[in-house]
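Tertiary structure, described
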Amino acid sequence: DPGSPYEIATAEQFDLMREHLSDHFKLTVDIDLGGSNWEPIGAPGTAFTGELDGAGHIISGLYINSGDSYQGLFGVLSQASITDLYILDADITTSAFGAGVLAGQDGNESTLSHVYVSGQVEASREVGGLVGSTRRSTISDSGADVTVRGTSVGMGEVGGLAGFTESAQIQRSF
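Residues numbered from 1 in each chain as written. Predicted model: local features only at pLDDT ≥ 70, side-chain atom pairs only at ≥ 80, totals over all residues. Heavy atoms only, no water.

Details of the pattern of salt bridges
Using the criterion set out here, one finds 6 salt bridges in the structure. Note that glutamate 157 and arginine 125 form a salt bridge whose closest N and O atoms lie 3.4 Å from each other. Separated by 32 residues along the polypeptide, glutamate 157 in the loop between β13 (143-150) and β14 (158-159) and arginine 125 in the loop between β9 (111-123) and β10 (127-128) bring together distant segments of the chain. Look at glutamate 157 and you get partly exposed, because its relative accessible area is 25%. Between glutamate 166 and arginine 136 there is a salt bridge, with its nearest N and O atoms 3.1 Å apart. (Salt bridge = Lys/Arg side-chain N within 4 Å of Asp/Glu carboxyl O. Helix = DSSP H or I, 4+ residues; strand = E, 2+ residues; numbered from the N terminus. Buried < 20%, exposed > 50% of the residue type's maximum accessible area, 1.4 Å probe, protein only.)

A word on the environment of aspartate 145
Among the secondary structure elements, aspartate 145 is positioned in strand β13. For aspartate 145 and valine 117, which are 28 residues apart along the polypeptide, the C-alpha to C-alpha distance reads 6.3 Å. Sequence-distant contacts of aspartate 145, defined by excluding residues within four places in its chain, comprise Tyr116, Val117, Ser118 and Gly119. (Contact = heavy atoms within 4.5 Å.)

So, the packing of aromatic side chains
Scanning all chains against the criterion turns up 7 aromatic pairs. Taking 6.2 Å as the distance between ring centres and 55° as the angle between the ring planes, the aromatic pair formed by tyrosine 86 and tyrosine 116 counts as tilted. Of this pair, tyrosine 86 sits in strand β7 (residues 81-94) while tyrosine 116 sits in strand β9, placing them 30 residues apart in sequence. Through pairs of rings, three or more aromatic residues link up here, namely Tyr6, Phe25, Phe48 and Phe74. In this arrangement the basic side chain of arginine 18 is found over the ring face of tryptophan 38, its NZ or CZ atom lying 5.2 Å from the centre. Stacked on the ring of phenylalanine 97, the Lys or Arg arginine 125 has its end atom at 4.5 Å from the ring centre. (Phe/Tyr/Trp six-rings, centres within 6.5 Å; stacked < 30°, edge-to-face > 60°. Lys NZ or Arg CZ within 6 Å of the ring centre and 35° of its normal.)

Structural data, given as structure tokens:
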């Protein structure tokens, strides 16, 4: 059925989203990523621009240990829509910049709604619980219970929800 979302029922199917960056997806079950070193979906120049409806499901087992920028479940989002998703007990560490449980960078005009994350995130700067940075996007009814650590002296850009914001709207979120 054209316009219907791809239904995601396994970690392997979730991983294949990286080959369809502009499509619409919906989780049908909780997903365990297994704790192996995750490669974020989307990067500068190849951002995730699609839609993900978490349908109230949980993603667990998100682990990243990297020296690259833009680390999270998604590396870079742009004009994406992420809704109704839980990412629990994530463990993300990079020696570079741009890290958040959901995305390292929410680059442009995305909508993040009813997304809740927990765990720990560490990066040099632009590090936040939900997203490392967000620009011209809307975050609503979302939250982060995340230990956030920025390692760069004097650079700042560390926050509980977002490390850096520019012209973003954040509503009813913590």
